[in-house]
Every structure is written in C-alpha cells, then in structure tokens.
Amino acid sequence: MKQRTYLVIAAGLFLLLVLVLVILPAKPLDLSSDEEPFKSMAMPPKTVYGSGCMDGGSVVVFIVDRLDIKYEITFPIDYDGIRNAHPTAYFGGNHGSKMVPSKNPARAKAIAIRLLDDYGTEIYYRNMDSHDYTKRARTSLSEPLWGAGYRVYRKLENLFD
C-alpha cells in the first residue's frame, strides 16, 4: 500500500513539473551574439512567414522586422541528407540581393523555427482563404520522421533508375 502511495505522489509531481514547463514562457530570443543579419534585426518582428519552393522541399522564411526591413532565409533541400534535409542556409535571394551562405546553418535553422513558432503568421491571397505555408515550413525545418522516409525512398528510386 505504501509503495502505491509513493507511486501516485511521484506521478503527480511529474505531471505538475510537465505542466509548469509547458505554462512557463520561453526566454526571449537573444540575437545579439549571432551572425548577420540576425544581429541587425529589430525585435520583435512585425511579420514572419514561411513558404516552400517548387523544387520539392526547399524552405524560405521571410521576416519583416520592427523597422520594416525585410529579411529572407533560404534552406535548400538536400535529398541525400537522410537525417538532415536542410543542412545549409542562405540569407538574401529574391529581393535582388545575393545569396550569402550562413556560417552556422544549424543555429540559423533553430532561430527560424523559433521565429515561426513565436511570430509566424498565415499567408492570405486574394479570393482565397489562408494557407498553411508557415506551418508547413515549420514542420519541414523540424525534420519530421516521415520526411526521412520519403528521402530514403527517393534515394532508392534514384539508385535503381
């Protein structure tokens, strides 16, 4: 009987700990020690949204900071990367600027995921409802297990062609 009481108390404490961790707000995102353009972004951003490219899996994150400066981070798809489909990151691109490779793509991905989580907005088009491109970009960058399965399939398919 005593053992059961201890088990119930331990389970209750564990659930309480999980609840506290879920309710507590995350620390504010500090970009002061990161590479450019993150260091220059005026936080909090006005708009953050994600999009996909027509190449089958590349992800682009668009950011408009507090001072209305536009930033673009591109994560090209790498079908050979089974565990990490987006191993590289580039800044710039569609707005007439040259694409500059990130020095720390893993950190750029972590920042992009956090910005999409905290400030991500849906994209609206004329005569259409909202699209979930921001959610899709967030999911793709977080490397879901089903994505690895698809990349293995593509790799095997190319091997036998």
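In the block above lies the structure referred to throughout.
No experiment lies behind these values; they were computed from the predicted model shown.

**Student:** Describe the overall build of the chain, naming the residues involved and giving the relevant values.
**Tutor:** In terms of regular secondary structure, the chain is built from four helices and five strands. The burial tally for the chain puts 30% of its 161 residues in the buried class. In the chain, of all internal contacts separated by at least 6 residues, the share reaching a separation of at least 24 is 43%. Of the accessible surface of the chain, which amounts to about 11,100 Å², a share of 61% is contributed by carbon and sulfur atoms.

**Student:** Pulling in residues and values, what's your account of the sheet that holds strand E5 (residues 100–101)?
**Tutor:** Reading across from one edge, E1-E2-E3-E4-E5 is the order of the five strands in this open sheet, with antiparallel pairing throughout. Unpaired on one side and paired on the other, strand E1 (47–52) and E5 mark the two borders of the sheet. Bridge count for strand E2 (residues 59–64) against strand E3 (residues 70–75) is six bridges, and the pairing is antiparallel. In the strand pairing of E3, Val60 is matched with Thr74. Helix H2 (residues 105–119) rests against E1, E2, E3 and strand E4 (90–91) of the sheet, and its axis sits at about 115 degrees to E1. The sheet contacts of helix H3 (residues 133–141) involve E1, E2 and E3, and relative to E1 the element is tilted by about 70 degrees.

**Student:** Tell me about the packing of H2 against H3, and please be specific about residues and values.
**Tutor:** Where H2 contacts H3, the two axes come as close as 10 Å, and the packing angle between them is 145 degrees. H3 is crossed by H2, and the crossing has left-handed handedness. Touching Lys109, Ala112, Ile113, Leu116 and Asp117 of H2 are Thr134, Ala137, Arg138 and Leu141, all from H3. Residues belonging to the contact of H2 with H3 are distributed by class as follows: five nonpolar, one polar and three charged.

**Student:** Which residues make up the pattern of salt bridges, and what values go with them?
**Tutor:** Overall, the coordinates contain four salt bridges when judged by the stated rule. In this structure, Arg114 and Asp118 form a salt bridge, with 2.6 Å as the shortest nitrogen-oxygen distance. Of this pair, Arg114 and Asp118 both sit in helix H2, four residues apart, roughly one helical turn. Arg114 gets classed as partly exposed once you look at its relative accessible area, which sits at 22%. Residue Asp117 pairs with Arg138 through a salt bridge whose shortest N-O separation is 2.6 Å. Here the residue Asp117 occupies a position in helix H2, and Arg138 occupies one in helix H3, the gap between them amounting to 21 residues.

**Student:** Quick one: what's the story with helix H1 (residues 2–23), residue by residue and with numbers?
**Tutor:** An ideal rise of 1.5 Å per residue puts 32 Å on 22 residues; H1 measures up with 32 Å between its terminal C-alpha atoms. Judged by how many residues are buried, H1 sits mostly at the surface: zero of 22 residues are covered.

**Student:** If you had to explain the pairing of E3 to someone new, which residues and values would you point to?
**Tutor:** Within E3, five of the six residues are buried, which leaves it mostly tucked inside the rest of the structure. Connecting the antiparallel pair E2 and E3 is a turn made up of five residues, with Asp68 showing a positive phi of about 65 degrees. Where E3 meets E4, two bridges bridge the pair, whose relative direction is antiparallel. Among the inter-strand pairings, Thr74 is bridged to a residue of E4, identified as Tyr90.

**Student:** Requested: an account of the nonpolar core, with residues and values cited.
**Tutor:** In terms of nonpolar packing, the biggest core is built from 21 residues, with Phe38, Val61, Ile63, Phe75 and Leu141 touching the most fellow members. Those elements giving two or more residues to this core turn out to be E2, E3, H2 and H3. Counting residues per element, this core draws most heavily on H2, which supplies six residues.

What counts, and at which threshold
- Residues numbered from 1 in each chain as written.
- Predicted model: local features only at pLDDT ≥ 70, side-chain atom pairs only at ≥ 80, totals over all residues.
- Heavy atoms only, no water.
- Helix = DSSP H or I, 4+ residues; strand = E, 2+ residues; numbered from the N terminus.
- Buried < 20%, exposed > 50% of the residue type's maximum accessible area, 1.4 Å probe, protein only.
- Contact = heavy atoms within 4.5 Å.
- Areas by Shrake-Rupley, 256 points an atom, 1.4 Å probe, with all protein chains shown as cover.
- Pairing = 2+ DSSP bridges.
- Axes fitted to C-alpha atoms, helices over the stretch in contact; angles between N-to-C directions.
- Left-handed = near helix turned anticlockwise from the far one by under 90°.
- Nonpolar A, V, L, I, M, F, W, Y, C, P; charged D, E, K, R; others polar.
- Salt bridge = Lys/Arg side-chain N within 4 Å of Asp/Glu carboxyl O.
- Expected span 1.5 Å × (residues − 1).
- Core = buried A, V, L, I, M, F, W, Y, C linked by side-chain atoms within 4.5 Å.

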